[in-house]
Amino acid sequence: MSARNRKLPRHRSWPLTATDIRDCLGPHMTRVTEVRFLTGHGSESIVLGAEWVAPMSRTYGRGIHPDSVGFRIDVHPVDSTERAAIRAVLRADALPQLHAWVAQGLASDETWLLTPHLHYWRLTDGRLTHRDEA
């Protein structure tokens, strides 16, 4: 994405590209409905997020449009000075974990598929952690 269109302050950068995510997920990319490059500040420790949007009703009798069902991936901005180091950690550790989480979700039973799920990767003091959120 060009600097002109990126909508981030100069001191912030995204640690991954859409190509990184496509290369990581391979054929599972067909189940990804959206890859978002977030511009807000949010949590400083979250660097990557994944969400399973389930085909369930969220508003009293109205269902989810079938095109919305699938995985949504969020890339959070980081300090530009730390981008290269964070990118290396994400490519080495988080992207294989993302692939495994997506593959496991697709192979899960109906109960998992009918329930929304969130998974976040956090980088704190150079240590990458990840877990499902409620």
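Predicted, not measured: the structure shown is a model, and the values here were computed from it.

Rules and cut-offs
Residues numbered from 1 in each chain as written. Predicted model: local features only at pLDDT ≥ 70, side-chain atom pairs only at ≥ 80, totals over all residues. Heavy atoms only, no water. Buried < 20%, exposed > 50% of the residue type's maximum accessible area, 1.4 Å probe, protein only. Helix = DSSP H or I, 4+ residues; strand = E, 2+ residues; numbered from the N terminus. Pairing = 2+ DSSP bridges.

Visitor: Explain the pairing of strand 6 (residues 117–124) to me, using residue names and the numbers behind them.
Guide: Only one face of strand 6 is buried, namely the one carrying His117, His119, Trp121 and Leu123, since none of Leu118, Tyr120, Arg122 and Thr124 on the opposite face is buried. With 6 bridges joining them, strand 3 (residues 46–53) and strand 6 adopt antiparallel strand pairing. Paired with Leu48 across the two strands is Trp121, which belongs to strand 6. With 7 bridges connecting them, strand 6 and strand 7 (residues 127–133) associate as antiparallel partners. Along strand 7, the bridge assignment pairs Tyr120 with Arg131. Between strand 6 and strand 7, which pair antiparallel one after the other, the connecting turn spans 2 residues, and Asp125 there sits at a positive phi close to 55 degrees.

Visitor: Residue-level account of the pairing of strand 3, with values.
Guide: Counting buried residues along strand 3, 8 of its 8 residues qualify, which places the element largely inside the surrounding structure. With 6 bridges joining them, strand 3 and strand 4 (residues 70–75) adopt antiparallel strand pairing. Residue pairing in the sheet places Val53 in a bridge with Gly70 of strand 4.

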